[in-house]
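A look at the structure
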Amino acid sequence: MASIKVKYRPSAVEDREGTIYYQIIHNRVARQIKTGYRMFCSEWESLFCSISSSNYAPGRDKYLHIICNKVEEDVSCLKRIIQILDRRGTDYSSDEVVQLFLSPSQDGASFFSFMRSVAAQMQRVGKIRISEIYAYTLNSFTRFRGGVDLSPESIDTDLINEYEAYLKAEGVCKNTSSFYMRNLRAVYNRAVDKGLTRQRDPFKSVYTGIDKTVKRAISIVEVKHIRQLNLEIHPALAFARDMFLFSFYTRGMSFIDMAYLKKSDLRNGILTYRRKKTGQMLTIRWEECMQEIVDKHNTDGSSYLLPIIKPGAGDECKQYRNVSHSINKRLKIIGEQTKLSAPLTMYVARHSWASIAHSKNIPLSVISEGLGHDSEKTTRIYLASLDTSAVDKANKLILKSL
C-alpha cells in the first residue's frame, strides 16, 4: 500500500510563508503534490510533521483552522484513492495516485462522475425518470461548484450548507431546494455503500422535507371546460389537451409512463404498465374516453400506444423530453385562455384526479393505490393489499362526472 506524508517547505526568503506539500510513496518511488496552502515556519511543528496549534500569530487562528481542515480532507481523499487502487488487485504507481488526486474524474475519485454513472445505471434498469432527476440535480450542483469537480470525501456539512444558501440566493423555492438535497443525499449514500467515502451525515443541517405548495389541482368543472374546447384549427393545442385528458382519464398517469405505453400493454380491456419511477405494476380498466383519444392520433407502424415517441426519429429519451416541454408550453397557453386559477401542466392532471377523488369521499387508500404511490407507508401497513376493482370503480365515478 502506498503511504502519504504531509510536509512543509520553508520559503527561501526570510520571514515569508512556506508551502505544504504531500509526498506519496509506493514501491520506493516518491512523488510530490503541491498545494496552495501557505504558512510561516513558526506555525509548523516540524518535529511532528503537523500544523502547530500554538505557535501562530494573533488573528491567524481562523485561517490555520481552515488549512487544517483542507489538509485533512486531502489526506482522506488520497487514502480513499489508494484503497480503491489496492482493491483492484493489480499493480499501480505513485504517479497514478497523484494523477487521480489532481484530476478527480476517474475511478470513483470524482463525485460528478459517480453521480453520472448512477444516473446511467437508473436508465439502464428502466428508471428513466429517476435518471433524469439525478441529471437535473447534478446540473444544479455543478453550477454551484462553478464546474469544479470534487471527491465524495470532500462533501461535508459546510459544503452542503453553502449549496443550500446558494439555491436560496438564486431564488429557488424551498421545495425545489429540498428536492435537490434529497437527490444528492441518495447518491452520496450510494457512494458510502460502495466505500468511496465514510458516512458523515453532511445533509443533517439542511431542509429535506416537503413544504405546502401553491394549489396545483383544478376542479372537475375546469376539466370539463378544457375537454369541451374547440381546438380544431389549433392541432398542436388539441394534442396537448388530449394528452392532459388521457393522463386524467388514467388516474393521473405520469407523462413518461404515457410515452412508453405499448400497444401490447392493452389486452382484454385492461391496460397494464410498470411505473418508470418506482417499478410498480399498475392495471387500469380501459374506458371509452381513453379509446377516443387513441383513435384520434395515428400510430400506424409504431409499437407505442400514443404518438409521443416515434420510430426512427432519434433518441427516445430526447424525444420524450422535447414533446413533454412542447406539451407543457401549450398547456400553459390553454390555461391562460381558460383563465385557470393555476398554471396548467401535465402534472396538474395527476393532482386534479387525486383532489377530485378526495372531494367525492373516495378513501385515501384507494386514491393512493390509484396513483401508484409506493411511499404511503401508513396506508400500505393498514391495508396490505387492495382489489384493483375498487380503484377502477373510483376512476369510473370520476369519469362519469365529466
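This text gives an overview of the structure that appears in the document. Please read all numbers here as calculations on a predicted model, not as lab measurements.

Focus on the overall build of the protein chain
Regarding its fold elements, the protein chain presents 15 helices and eight strands. The buried share of the protein chain, reckoned over its 402 residues, is 46%. A separation threshold of at least 6 residues defines the contact pool for the protein chain, and within that pool the share at least 24 residues apart is 59%.

With respect to helix 8 (residues 235-249)
For helix 8, spanning 15 residues, the distance from its first C-alpha to its last is 20 Å, which sits close to the expected 21 Å at 1.5 Å a residue. Within helix 8, 13 of the 15 residues are buried, leaving the element largely enclosed by the surrounding structure. R251 occupies a position one or two residues after helix 8 and carries a positive phi of about 65 degrees.

Focus: the nonpolar core
With 60 residues, the main nonpolar core has F244 and I308 as its most contacted residues. Looking at this core element by element, the count peaks at ten residues for helix 8. Look past the residues within four positions of I308 in its chain and what remains in contact with it is F239, M243, F255, M258, A259, Q319 and V323. Residues I84, I133, I160 and Y163 belong to the second largest nonpolar core, which totals 30 residues.

Some thoughts on the side chain of D242
Along the chain, D242 turns up in helix 8. Contacts of D242, omitting those with residues within four sequence positions, involve I293, K296 and H297.

Details of the packing of aromatic side chains
Aromatic rings considered in pairs are described by the distance between their centres and by the relative angle of their planes. Applying the stated criterion across every chain, the model contains twelve aromatic pairs. For the pair F144 and Y163, a centre-to-centre distance of 5.1 Å together with 45 degrees between the ring planes defines the contact as tilted. Here the residue F144 occupies a position in helix 4 (residues 128-144), and Y163 occupies one in helix 5 (residues 157-169), the gap between them amounting to 19 residues. Look at Y163 and you get buried, because its relative accessible area is 0%. Taken together, a centroid distance of 6.0 Å and an interplanar angle of 65 degrees make the contact between Y188 and F203 edge-to-face. Remark: F203 occurs in the loop between helix 6 (174-193) and helix 7 (220-228) and Y188 occurs in helix 6; sequence separation between them is 15 residues. Both residues of the pair, Y188 and F203, belong to the buried class. Here a set of aromatic residues connected by ring pairs shows up, and it is made of F111, F112, F141, F144, Y163 and Y166. Sitting over the ring of Y207, K174 keeps its end group 4.4 Å from the ring centre. Between the NZ or CZ atom of K276 and the centre of the ring of Y260, over which it lies, the distance is 4.5 Å.

Regarding the pairing of strand 3 (residues 29-39)
Within a regular strand, the side chains alternate between the two sheet faces. The sheet contact formed by strand 2 (residues 18-26) and strand 3 spans eight bridges and is antiparallel. Paired with H26 across the two strands is V29, which belongs to strand 3. As consecutive antiparallel partners, strand 2 and strand 3 are separated by two residues, and within that stretch N27 has a phi angle of approximately 50 degrees, a positive value.

Topic: helix 5
For an α-helix, the turn length of 3.6 residues means that residues three or four places apart are oriented alike. Helix length check: helix 5 (13 residues) gives 18 Å between terminal C-alpha atoms against 18 Å at 1.5 Å per residue, within 8%. Residues of helix 5 that are buried include every one of T157, L159, I160, Y163 and L167, and no others. Looking straight down helix 5, one finds that the buried residues subtend no more than 165 degrees of arc, so they occupy a single side. Counted as exposed and oriented over 90 degrees from the buried face of helix 5: D158, K168 and A169. On its buried face, helix 5 is in contact with helix 4 and helix 6. Of the residues flanking the end of helix 5, it is G171, one or two places downstream, whose phi is positive at about 85 degrees.

Quick word on the pattern of salt bridges
Summed over the entire model, instances satisfying the criterion amount to eight salt bridges. R241 serves as the salt-bridge partner of D242, at 3.1 Å between the closest nitrogen and oxygen. A residue is classified by how much of its surface remains accessible, and R241, at 6% relative accessible area, is buried. A salt bridge links E287 to R285; the nearest nitrogen and oxygen atoms lie 3.5 Å apart. Under the relative-accessibility criterion, E287 is labelled buried at 12%.

Examining the environment of E14
The residue E14 is located in the loop between strand 1 (3-9) and strand 2 in this model. Here E14 falls in the exposed class, since its relative accessible area comes to 69%. Sequence separation between E14 and C41 is 27 residues, and the spatial gap between their C-alpha atoms is 9.7 Å.

Thresholds applied
- Residues numbered from 1 in each chain as written.
- Predicted model: local features only at pLDDT ≥ 70, side-chain atom pairs only at ≥ 80, totals over all residues.
- Heavy atoms only, no water.
- Helix = DSSP H or I, 4+ residues; strand = E, 2+ residues; numbered from the N terminus.
- Buried < 20%, exposed > 50% of the residue type's maximum accessible area, 1.4 Å probe, protein only.
- Contact = heavy atoms within 4.5 Å.
- Expected span 1.5 Å × (residues − 1).
- Core = buried A, V, L, I, M, F, W, Y, C linked by side-chain atoms within 4.5 Å.
- Phe/Tyr/Trp six-rings, centres within 6.5 Å; stacked < 30°, edge-to-face > 60°.
- Lys NZ or Arg CZ within 6 Å of the ring centre and 35° of its normal.
- Pairing = 2+ DSSP bridges.
- Arc of directions from axis to C-beta.
- Salt bridge = Lys/Arg side-chain N within 4 Å of Asp/Glu carboxyl O.

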